[in-house]
Amino acid sequence: MKFLKSRLSLIYFAALGAVMFTCSAGSTAQSPSSSSGGMQLQPLTPTKAATPQLEAFRYEIADLAEKLIPTVVTIQTESTIKVSDRGSFFGDDFFDQFFFGPRSPQRPKEREHKQQGQGSGVIISSSGQILTNNHVVQGADQIKVSLSDKREFKAKIVGTDSLTDIAVIQIEETVKDLPAATLGNSDALRVGEWVIAIGSPFALSQTVTKGIVSAKGVHGRGITSYENFIQTDAAINMGNSGGGLFNLAGELIGVNTAILTRSGGFQGIGFAIPVNWARSIMNDLVKDGKVSRGWLGVSIQDVDANIAKALKLNPAKGALISEVFDGSPAQKGGLKDGDVVRSINGQVIDDANSLRNTVAALRPGENAEFEVLRDGKSLKLKINIALRDENNLAGTAPDLKDAKKDANEWGIQAAELTKEQKKSSGLSESSGGVLVASVKDKSPADKSGIKRGDIILVANNKRIANLKDFDSVFSSDTKTIMLQIRRSGGQFFTVLEKF
């Protein structure tokens, strides 16, 4: 301990000495005297003036931050949670035995606990509407908003959306002329563009950090159900959630939401919800208190390199329709399994996530124009979008019976489907398909992810009604087979290739 204290003291005094030396050097310079062994002080040489261009840039960020800081607020919340008295560090039954005795009816099972939280928000109207994250205010009993000028107000929730992690709150007191952020166009952002983040990390209110847009359209991180994040290296930490990401024009272009970290702190990767995405959510929350999303009624997947090769697609872009639900807008509008959606209302669809987000942003009842590829040909379909139903389809894997066929060269041992198996898989009795009873290790089927219990519905654009259909495709002289598979109530496409 003494050694630790001495080391700490050494560091402290070394730093203090450096500060003292710097202070002295900042005002005077020392040089040897020519007449004696002493030292004499001489004035420093004046610093060379910066170029006009550098001088103009010197305060650009500072001037911008000064303008934007008043539009960002600190949000403090208090919520009531119920916690069990069990599970202390002494062991689950320690207090039972010591204070109340075993199975004592006097022991309270749970108690209420007040929990504080903190985040950030952006003022979006002069009357006190504030845009933030759902996870900042979710379950809050009390919300307090602190402005940069030290004023504090109570606030209430206007609406929240957990699927995008967006929320809108309103200052309860009548206010006017609050500094509101200007909403920009996040679609116009470019990778490499300078941005600044403002928020309250670790209770450090109105903290400003600077970075660039590192990537756009980031998804698949498991942060929210709908993902289309702006990635930035502007430092974002705990408490920054709900704060603003601004471009150098002073426009709000994102809502800071999450970080990718192994340490719990900033490691160079932060995510913000694009303001164009947040704007539509925000408008619904302000108007109705909830979000109305479009629903198409399909299962979708990305077009990977193997699928693109099998469908002769170049480039490998679009969203593949792996299943069209009965009675859905997609079925009524003419979409079919195996179609590749390339655009919606002229907006390019790059992948499944792009289609999911685009459809969700459409208004229920809206007629949308879909450009799809079917059997190598382009066609356009008009589809009337419905209101999304939050209920998900569910299915169970069928019980496996003894296979009637040996494994073929593709590694699949197939069997006919029984009525019970069709029913348990969500298929009608008239539906076709054959059951995958087993998959040979290291076979083409195994390499492609085919599993025991899968149902093969389509092979190379041919409906598989029975084992005879299955044999006709899998015994043909072909190097590639594209399959439509049903698994656990859902459907997808995959490609088998011979080695």
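So, how was this worked out
Residues numbered from 1 in each chain as written. Predicted model: local features only at pLDDT ≥ 70, side-chain atom pairs only at ≥ 80, totals over all residues. Heavy atoms only, no water. Helix = DSSP H or I, 4+ residues; strand = E, 2+ residues; numbered from the N terminus. Buried < 20%, exposed > 50% of the residue type's maximum accessible area, 1.4 Å probe, protein only. Arc of directions from axis to C-beta. Contact = heavy atoms within 4.5 Å. Polar contact = N/O pair within 3.5 Å; in protein donor to acceptor, adjacent residues only side chain to side chain. Phe/Tyr/Trp six-rings, centres within 6.5 Å; stacked < 30°, edge-to-face > 60°. Salt bridge = Lys/Arg side-chain N within 4 Å of Asp/Glu carboxyl O.

Colleague: Requested: an account of unusual backbone geometry, with residues and values cited.
Modeller: In this chain, Asn314 is followed by Pro315 through a cis amide linkage whose omega measures 5°. In the Ramachandran plot, Phe202 falls in the positive-phi region, its phi being about 50° despite a non-glycine side chain. Take Phe202: it is sitting in the loop between β10 (194-199) and β11 (207-218).

Colleague: Outline helix α12 (residues 467-474), supporting the account with residue identities and numerical values.
Modeller: Three or more residues of α12 are buried, namely Leu467, Asp469, Phe470, Val473 and Phe474. Along the axis of α12, the buried positions cluster into a sector of 160°, meaning they face one direction only. Against β24 (412-416), β25 (434-439), β26 (455-459), β27 (462-463), β28 (480-487) and β29 (490-497) lie the buried residues of α12. The N-cap of α12, judged by a side-chain oxygen 3.2 Å from the amide nitrogen of Lys468 a few residues on, is Asn466.

Colleague: Describe the packing of aromatic side chains, and please don't skip the residues or the numbers.
Modeller: Evaluated as defined, the whole model comprises four aromatic pairs. Measuring from ring centre to ring centre gives 5.7 Å for Phe229 and Phe271, while their planes differ by 35°; the resulting arrangement is tilted. Placement of Phe229 in strand β12 (residues 229-232) and of Phe271 in strand β15 (residues 270-274) is noted, with a sequence separation of 42 residues between them. In this structure, Phe229 and Phe271 share a single accessibility class: buried.

Colleague: Lay out the pattern of salt bridges in plain terms, naming residues and giving numbers.
Modeller: Applying the stated criterion to the full structure yields 10 salt bridges. One salt bridge in this structure joins Lys144 and Glu152, with 3.7 Å as the shortest N-O distance. Residue Lys144 is classed as partly exposed on the basis of its relative accessible area, which comes to 32%. For Glu152, a relative accessible area of 49% corresponds to the partly exposed category.

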